[in-house]
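# Per-entry structural report
Single-letter residue listing:
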Amino acid sequence: MRKKSLGRDSLLPFFFVFFMGNLMTSCIKQEELNAECDIESAYVHTTKFSDLFFTENDTIVNVISTSNNVVFLVRRTADLTALSPKFNLTKGATISPESGSTHDFSHGPVVYTVTSEDGQWKRQYNVQFKVNPNLMDFDFENYILEKSKYVSEKEDYGFYYKWHEIDSEGKAMEYWDTGNSGFTLSNYSAKADEYPSVMIPDGYEGAGVKLTTRTTGTLGKTFKKPIAAGNLFIGEFDVMQSMTNTLKTTKFGRPFDKKPMKLTGYYKYKPGEVFTDKDFNTVENRTDSGSIYSVFYRNEVKAGDHMEKILLYGDDVQTNPQIVALAKFDDLKPTDEWTYFELEYKYRQGVDDEILNKLGYNLTVVFSSSRSGDTFEGAVGSTLYIDKVRIICDTTE
């Protein structure tokens, strides 16, 4: 019997299946396995975050690509003996020890190894749960030029310096503020280096801060605010109050979970030549003086049946009854050389450890080129330089 030959139409399904099979095989061969071996983020699941962390956001750490450290910031009272961090990795990567496994972090970091999907690359990470250190250093190396919202974007002036700190994840933290944003209202065309608080490249070591008492021009004199002292402080400046209730412009302090013992740093100071009052009249036989001090205070008061958060302002930052401790430079002498200072915190009352652990205290550090600048008395040209500031805290629990 003669075999029936396959016609053209009958061969099409076979060609289609053969072609698609080869195409899929080709695509699979061309797709290379991922060579990345990074931890992108780490997190901890807990039924009560406040046992370990200050805020719920602290339970998650986003890891920058250049870092081999994963650091969770925890309370001093946190139990670190049995924690189970989990990790989000780059595509296809694996981690050892396993994500979610339990380990003792109380003796330091645990080393995790991430292996890429293609098995060719490995990367080690130190994962740790770190209590906020008892030593805080401020080198003033981190700053930006911020544009005043009161000056048109098209103008090349209206920029002023603003400082920040960098946390363990490389993020900017807003500890410090100045009155620079308020200076714009009276001197809107000033260049960045003409503001009261500016960066200098030649501090005691690296960059430093220069605080200078400036004139506020015709507008300032009209409102009996003829000068603006250069200042730098831990807290926030409220520019909306600067032309009305000026003593409320400075909101002093941020939550602090340690007991400060000493404030140290380096300074230079030169008073201006002519001391003036708030009417800009010369005051004979009076010499300007700079100001350096720090205040540690209870940030809640009882209001009826509940506790109410408070801040200290320019009118009570050194007198409020909530103040627990004060460190103050009483005799800041003029000097052209970088000079070391060391101030002890003098306590007026005890510190409650339970309240401390719940961030129930605030701390501020204040620098000013004119000690009475908050009442617009001082000498134009008075200049205070600051660098390498350190807060030394009690190491006892």
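Given the structure is predicted, the values throughout are model-derived calculations rather than measurements. (Residues numbered from 1 in each chain as written. Predicted model: local features only at pLDDT ≥ 70, side-chain atom pairs only at ≥ 80, totals over all residues. Heavy atoms only, no water.)

Another aspect to go through is the overall build of the protein. If you tally the helices and strands in the protein, you get four helices and 31 strands. Contacts in the protein between residues far apart in sequence, at least 24 positions, make up 66% of those at least 6 positions apart. Accessible area of the protein: about 21,700 Å², with a carbon and sulfur share of 51%. (Helix = DSSP H or I, 4+ residues; strand = E, 2+ residues; numbered from the N terminus. Contact = heavy atoms within 4.5 Å. Areas by Shrake-Rupley, 256 points an atom, 1.4 Å probe, with all protein chains shown as cover.)

Looking now at the confidence of the model for the protein. Summary statistics for the protein give a mean pLDDT of 87 and a share of 88% for residues scoring 70 or more. Note that residues 1–6 has pLDDT below 50 and, in this model, one contact with residues that lie over four places away or in other chains. Low pLDDT, under 50, characterises residues 14–20; the stretch is placed with zero contacts to residues that sit more than four places away or in other chains. (pLDDT = per-residue confidence, 0-100.)

In the case of a regular strand, side chains alternate between the two sheet surfaces. Sheet topology places strand 5 (residues 94–96) next to strand 6 (residues 110–115); three bridges connect them, and they run antiparallel. Paired with Ser96 across the bridge in strand 6 is Thr113. When strand 6 meets strand 7 (residues 122–131), the two strands line up antiparallel, connected through six bridges. Note on strand 7: the bridge partner recorded for Thr115 is Lys122. Between strand 6 and strand 7, which pair antiparallel and follow one another directly, the connecting turn spans six residues, one of which, Gly119, has a positive phi of 75 degrees. (Pairing = 2+ DSSP bridges.)

With that out of the way, let us pick up the environment of Glu284. Its location among the elements puts Glu284 in the loop between strand 22 (275–276) and strand 23 (291–298). Sequence-wise, Glu284 and Val274 are 10 residues apart; in three dimensions their C-alpha atoms are separated by 8.3 Å.

With that out of the way, let us pick up the sheet that holds strand 1 (residues 39–43). Spatially, three strands are ordered 2-1-4 in an open sheet, and the strand pairing comes out antiparallel. The open sheet terminates on both sides in strands that have one partner only, identified here as strand 2 (60–62) and strand 4 (86–89). The mean angle between the axes of side-by-side strands here comes to 20 degrees, regardless of whether they run parallel or antiparallel. As paired strands, strand 1 and strand 4 are joined by four bridges and run antiparallel to one another. Across the sheet, the residue bridging to Tyr43 is Lys86, located in strand 4. (Axes fitted to C-alpha atoms, helices over the stretch in contact; angles between N-to-C directions.)

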